[in-house]
Structure formats: structure tokens, C-alpha cells
Amino acid sequence: MADTTVLLDGLHFGEAPRHGPDGKFYFSDFYEKAVFTVDLDTGEKQVVCSLPGQPSGLGWLPDGRLLVVSMKDRTVRRLEPNGVLELHADLFDIATFHTNDMLVDALGRAYVGNFGFDLHEKIKEDGIESLLAPNYDPPGTPLALVEPDGTTRVAAEDLKFPNGTVLLPDGTLVVAETLAYRLTAFDVAEDGSLSNRRVWADLREHVIAPDGICVDAEGGVWVATALQPVVVRVVEGGTVTDRVETTQISYAVGLVGTTLVVCTAPTSDPDVVGQQHVGRLETARVKVGDR
């Protein structure tokens, strides 16, 4: 039985649940091709902007302007006060397939992951179980860094489907390498450069392919598992401290106070979720502090 309450159903595929600087709660819907806000008490949603290139990761510049990943054209778009989405950064020379999730830090630097290859074609040809084979080595791809002015560079090389990314309270950057079944940590320099790459949590034994992630005040990382109807909280070293059962497979997660918000769907297959309104936003109260 699920530990969550369904806040909103009828979505295609939710992504990037984020608490915005304006106090509103945001999320993307890939195949609705739009970004929304949602009232976490009533479930009422409102369109923020539409994006033909398929929206994913969200974040904000220091002045409050929204940044949105446009997946299919491998760009980051910037929502101006007049409602126009301007090109903020072109990542076509860095990303090797669709751009995806994104972390924007307090200075406005954006770390943007990408698929690396056509994941859904791989699953269609070989089955999802092929991704679990011990000898499967997916293509590596860079993590991109976009400066506040839109200039781009490579932040890290050879990541296996770099996905959700967070900054821990101590300033460590942690990125979910979905197809390596691990959370990987980096030290962050003043200029945003990454170094001292290391495994922060190996999740293969739990069969967790970490997708979207968020961090709590104690530095625990909440992980959407991408293969199971559950969200887990992980600490450095890979210990799972908490589990929240969801009604469907979890793909992205956000945290507002003690409220966990989870994007779920029965599958990530575009042929299913692109056509059907089966995605959900689910919420649960979780323990924060005094651990």
C-alpha cells in the first residue's frame, strides 16, 4: 500500500518538481510540452509556459527568471518577464543526445545532464532487463556547465546518463548516474569547475537506477528509483535510511519543508506516456531533522 497521496493525476510524464523562489511549486510535463505550477494543497495547476522542444529540468537565475531545459533541441531557455522564452544556452556541441535534468546554483550557474544516447530505442530493441546486465556498459556523456551569461563548457566527462543533480549543505555536488546505478560526488571550485570525482553512494545492490533527486537539510539525498514504485533516502556510503512507497514508478522528487513531492508514471516509454494521461504527482509527509 502506498505511503503517498495522489495530488494530481492526468499528466503525461512529470519531471523536475521544484519549489520556486516566488514560493510557488513548479514541474515540467514532457509530452504536454509545458511547465506548470501546482498548489500543493488543492492540486490546482496553471501553465507557466509552453515549450515545443519538450521541457525537462528547471531552475532560476538570481534575478528570478526561470530557466528551462529544452530536451530535443539541446538548449536551455530563459523565461523573460514579458513571457517570451529566449535562448539562454545551446548545448548541441556538448550533449550527445536529449538534454534532461538541471541544477541551477545560487549564482545562476546551471549543470545540465543528457541521455547520452537513445535510451528508449535501446529498451525497445533489447528490453529493459538489458540495462541491468552486469556487463552492460552504456555510453558515457559530458555534464554541461552553463554560466549565468549563457556561455557553456564541459563540467565532467564520461558520465553514464547524468540525471538529477543537487548541492549538499557542505557544497559538494552530487549527480545521479542513472545507468551506473550510483550517485557520484564532486568538489566545486569558485568558478564552478568540478574535481575529486568519487562514488558517493553505490545503489546497484538495491536495483536503484537513480533518476531525479533532491536533498534535505541534513544532507540526505532523496532518490526517485526509476524502476520501482518507491522513493528512498540515501546517505553517503549508500545506506538507505527511509523508504516511501508510491502508487507508480518514481521518476523525480522534490522537497518542500516536510512534504515530499514525487512525479510517477507506470513507465517512461514515450509510446505509452506520450499518448496517455497516466502520470501523477504524489505527496507524502517525511521526517526532517533530529535523526
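Treat the numbers as computed from the prediction; the structure is a model and nothing was measured.

Student: Sorry if this is basic, but what is going on with the overall build of the protein here?
Tutor: Along the backbone of the protein there are 2 helices and 24 strands. Across its three principal axes, the protein shows a C-alpha extent of roughly 45 × 45 × 45 Å. The proportion of buried residues among the 291 residues of the protein is 57%. Here the protein has roughly 12000 Å² of accessible surface; of this, 48% comes from carbon and sulfur atoms. Across the protein, 24 positive and 44 negative side-chain charges occur, with their mean positions spaced 0 Å apart.

Student: Teacher, can you tell me more about the packing of aromatic side chains here?
Tutor: One pair of aromatic rings is described through two measures. These are the centre distance and the angle between the planes. On inspection of all chains with the given rule, the structure shows 7 aromatic pairs. On the basis of an interplanar angle of 80 degrees and a centroid distance of 5.7 Å, the ring pair of Phe-30 and Tyr-31 is categorised as edge-to-face. Through a chain of ring-to-ring contacts, three or more aromatic side chains come together here, namely Phe-13, Phe-30, Tyr-31 and Tyr-251. One residue, Lys-45, lies across the ring of Phe-36, its end atom 4.5 Å from the ring centre. Just above the ring of Phe-92 sits the side chain of Arg-74; from NZ or CZ to the centre is 4.4 Å.

Student: It is not clear to me how the pattern of salt bridges should be interpreted in this structure. Could you clarify?
Tutor: Working definition: two side chains of opposite charge can pair if their charged atoms are close together. Counting across every chain of the model gives 17 salt bridges. Taking the shortest distance from any N to any O, the salt bridge between Arg-78 and Glu-80 comes out at 2.4 Å. The class for Glu-80 is buried, based on a relative accessible area of 17%. A salt bridge links Asp-187 to Arg-198; the nearest nitrogen and oxygen atoms lie 3.2 Å apart. You can see Asp-187 sitting in strand β16 (residues 182–188) and its partner Arg-198 sitting in strand β17 (residues 194–202), a full 11 residues away along the chain. One continuous salt-bridge network, built from bridges that share partners, spans Asp-63, Arg-65, Arg-78 and Glu-80.

Student: Can you help me understand the environment of Phe-115 in this one?
Tutor: With respect to the helices and strands, the residue Phe-115 is situated in the loop between β11 (110–114) and α1 (119–126). Between the C-alpha atom of Phe-115 and that of Gly-140, which follows or precedes it by 25 residues, the distance is 9.3 Å. Every residue in contact with Phe-115, bar those within four places of it in the chain, is listed here: Met-71, Phe-97, His-98, Asn-100, His-120 and Phe-161.

Student: It is not clear to me how the sheet that holds strand β13 (residues 152–159) should be interpreted in this structure. Could you clarify?
Tutor: Sheet strands associate in pairs through backbone hydrogen bonding, adopting either a parallel or an antiparallel arrangement. One open sheet holds the 4 strands; their spatial order is β10-β11-β12-β13, and the pairing between them is antiparallel. This sheet does not close on itself; its edge strands, each paired only once, are β10 (99–104) and β13. Adjacent strand axes in the sheet meet at a mean angle of 25 degrees, parallel and antiparallel pairs treated alike. Across 5 bridges, the pairing between strand β12 (residues 141–146) and β13 is antiparallel. Bridging from a neighbouring strand, Thr-141 pairs with Leu-159 of β13.

Student: Where do I start with the sheet that holds strand β6 (residues 55–60) in this structure?
Tutor: Taken together, 4 strands build an open sheet; the order of strands is β6-β7-β8-β9 and the sheet is antiparallel. Either end of the sheet is taken by a strand with one partner, and the two such strands are β6 and β9 (85–90). Each adjacent strand pair in this sheet contributes to an overall mean axis angle of 30 degrees, direction not counted. Of the pairings in the sheet, the one linking strand β8 (residues 75–79) to β9 comprises 5 bridges and is antiparallel in character. In the strand pairing of β9, Arg-77 is matched with Leu-87.

Student: What is the right way to look at the nonpolar core in this model?
Tutor: Most often, soluble globular proteins keep nonpolar side chains buried together rather than apart. In terms of nonpolar packing, the biggest core is built from 32 residues, with Phe-13, Val-76, Leu-91, Met-102, Val-112 and Leu-119 touching the most fellow members. Elements with a minimum of two residues in this core: β7 (66–70), β10, β11, β12 and β22 (249–256). Excluding residues within four positions of it along the chain, Leu-91 makes contact with Arg-74, Thr-75, Val-76, Thr-99, Val-112, Ala-144, Val-146 and Thr-152.

Reading the values: rules and limits
- Residues numbered from 1 in each chain as written.
- Predicted model: local features only at pLDDT ≥ 70, side-chain atom pairs only at ≥ 80, totals over all residues.
- Heavy atoms only, no water.
- Helix = DSSP H or I, 4+ residues; strand = E, 2+ residues; numbered from the N terminus.
- Buried < 20%, exposed > 50% of the residue type's maximum accessible area, 1.4 Å probe, protein only.
- Areas by Shrake-Rupley, 256 points an atom, 1.4 Å probe, with all protein chains shown as cover.
- Lys, Arg positive; Asp, Glu negative; His and termini not counted.
- Charge placed at Lys NZ, Arg CZ, Asp CG, Glu CD.
- Phe/Tyr/Trp six-rings, centres within 6.5 Å; stacked < 30°, edge-to-face > 60°.
- Lys NZ or Arg CZ within 6 Å of the ring centre and 35° of its normal.
- Salt bridge = Lys/Arg side-chain N within 4 Å of Asp/Glu carboxyl O.
- Contact = heavy atoms within 4.5 Å.
- Pairing = 2+ DSSP bridges.
- Axes fitted to C-alpha atoms, helices over the stretch in contact; angles between N-to-C directions.
- Core = buried A, V, L, I, M, F, W, Y, C linked by side-chain atoms within 4.5 Å.

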